[in-house]
Amino acid sequence: MTLTGLISDILILGPAIWACSRLVRSRWHEICAERMARDGVDPELVQLRREEARYYQDFARVMPNWMLAALTLGLLLRLFLILQAFRTV
């Protein structure tokens, strides 16, 4: 793998992993809220857990600008490598 390919992969995978981890945390909070509601825990605590789940969902959807820039740069580098590979064939 070339250095450009490695940098491209890091720039693409970094934001993707970040967003995915937030979605996993969101799902974990949803599962906990469902379990708490089923076990008869105080409804305010269940609501708090559901709000935490929504927070992580929103956080995953709204990626910071620097991550969007890194993702865009990584995709452009990947496109460059793909075009370069086609030219050598």
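Because the structure is a prediction, the values reported are computed rather than measured.

Enquirer: Just checking my understanding: could you explain helix α1 (residues 3-38) for this structure?
Expert: The periodicity of an α-helix, 3.6 residues per turn, causes residues three or four places apart in sequence to face the same way. Compared with an ideal rise of 1.5 Å per residue, which puts 36 residues at 52 Å, α1 spans 52 Å between its outermost C-alpha atoms and is within 8% of the ideal. Remark: G40 follows α1 within two positions and exhibits a positive phi of approximately 80°.

Enquirer: Just to check I follow, could you spell out the confidence of the model for the chain for this structure?
Expert: Regions with low pLDDT carry predicted coordinates that are not meant to be interpreted in detail. When pLDDT is averaged across the chain, the result is 86; 99% of the residues are at 70 or more. Per-residue pLDDT, averaged within each element of the chain, yields its smallest value for helix α3 (residues 65-88) (84) and its largest for helix α2 (residues 43-61) (89).

Enquirer: Got a minute to help me understand α3 in this structure?
Expert: End to end, α3 covers 35 Å across 24 residues, agreeing with the expected 34 Å (1.5 Å per residue, within 8%). Taken residue by residue, α3 has M67, A70, G74 and L81 as its buried positions. Buried positions along α3 lie against α1.

What counts, and at which threshold
- Residues numbered from 1 in each chain as written.
- Predicted model: local features only at pLDDT ≥ 70, side-chain atom pairs only at ≥ 80, totals over all residues.
- Heavy atoms only, no water.
- Helix = DSSP H or I, 4+ residues; strand = E, 2+ residues; numbered from the N terminus.
- Expected span 1.5 Å × (residues − 1).
- pLDDT = per-residue confidence, 0-100.
- Buried < 20%, exposed > 50% of the residue type's maximum accessible area, 1.4 Å probe, protein only.
- Contact = heavy atoms within 4.5 Å.

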